[in-house]
Structures are given as structure tokens and as C-alpha cells.
Amino acid sequence: MIRLMIRRIAVSVLALWLVACNRVTPENYEKIESGMSRDEVHALLGKPDEVSGGGVGRMTLMTERWNGREHVISVTFATDKVTLKSIEPRRDE
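The structure reproduced in this document is the subject of the present report. The structure displayed is predicted, hence computed values, not measured ones.

## So, the nonpolar core
Within the largest apolar cluster, twelve residues are counted, these being Val-24, Tyr-29, Ile-32, Met-36, Val-41, Leu-44, Leu-45, Trp-66, Ile-73, Val-75, Phe-77 and Val-82. Of all the elements in the fold, those that place two or more residues in this core are α3 (38-45) and β3 (71-78). Setting aside its immediate chain neighbours within four residues, Leu-44 contacts Arg-23, Asn-28, Lys-31 and Ile-32.

Okay, here's the thing in C-alpha cells:
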């Protein structure tokens, strides 16, 4: 009985992980529009894998990156609004 429960939990965790990785797709990339908020992008792609940037006064410039199984999406935000985006095939070195 305990082995069955552990197996079900492991399968559930794996399924959730695969769903999260599947968010980084060309289809979701196309849904990202200039002017979208960081919260809207996070709702679409989830939490970013990498964040870099900074700010001066009220102006902030942040680039966030999502690493999927097949693609990498980068989005640059100026004061929490999308200004640039890019997608590229994942290159594992």
C-alpha cells in the first residue's frame, strides 16, 4: 500500500514537472506582447530560471529567462513591462 502511494506521488511530481517545462514553447512565446506586465508573463510561463538587470531611480531594466526542454525564452522588461523578447533552440553544452 505504501509503495503504491509513493509511486503515485512520484508520477504526480513528474507530471507537474513536465507540464512546467512544456510552458516554454513557441506557442506561448507568440502570446507575449509588448507592454504586458511581468505578472502576466509569469502567469503564462511560470517562474523564470534566471533574472538579471537593475535600475536607476524609477527606471528598471530586467531580463528574465526560461529554459524549456527544447527552447529558451528571454524577455526584457522596462519598469515591469515587456519591451523585448526572443526565443531560441536550447543548446546544452
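## Structural notes on the pairing of strand β1 (residues 50-56)
Summarising the sheet, β1 and strand β2 (residues 59-67) pair through seven bridges and their orientation is antiparallel. Residue pairing across strands places Val-51 opposite Glu-64, the latter belonging to β2.

Parameters at a glance
- Residues numbered from 1 in each chain as written.
- Predicted model: local features only at pLDDT ≥ 70, side-chain atom pairs only at ≥ 80, totals over all residues.
- Heavy atoms only, no water.
- Core = buried A, V, L, I, M, F, W, Y, C linked by side-chain atoms within 4.5 Å.
- Buried < 20%, exposed > 50% of the residue type's maximum accessible area, 1.4 Å probe, protein only.
- Helix = DSSP H or I, 4+ residues; strand = E, 2+ residues; numbered from the N terminus.
- Contact = heavy atoms within 4.5 Å.
- Pairing = 2+ DSSP bridges.

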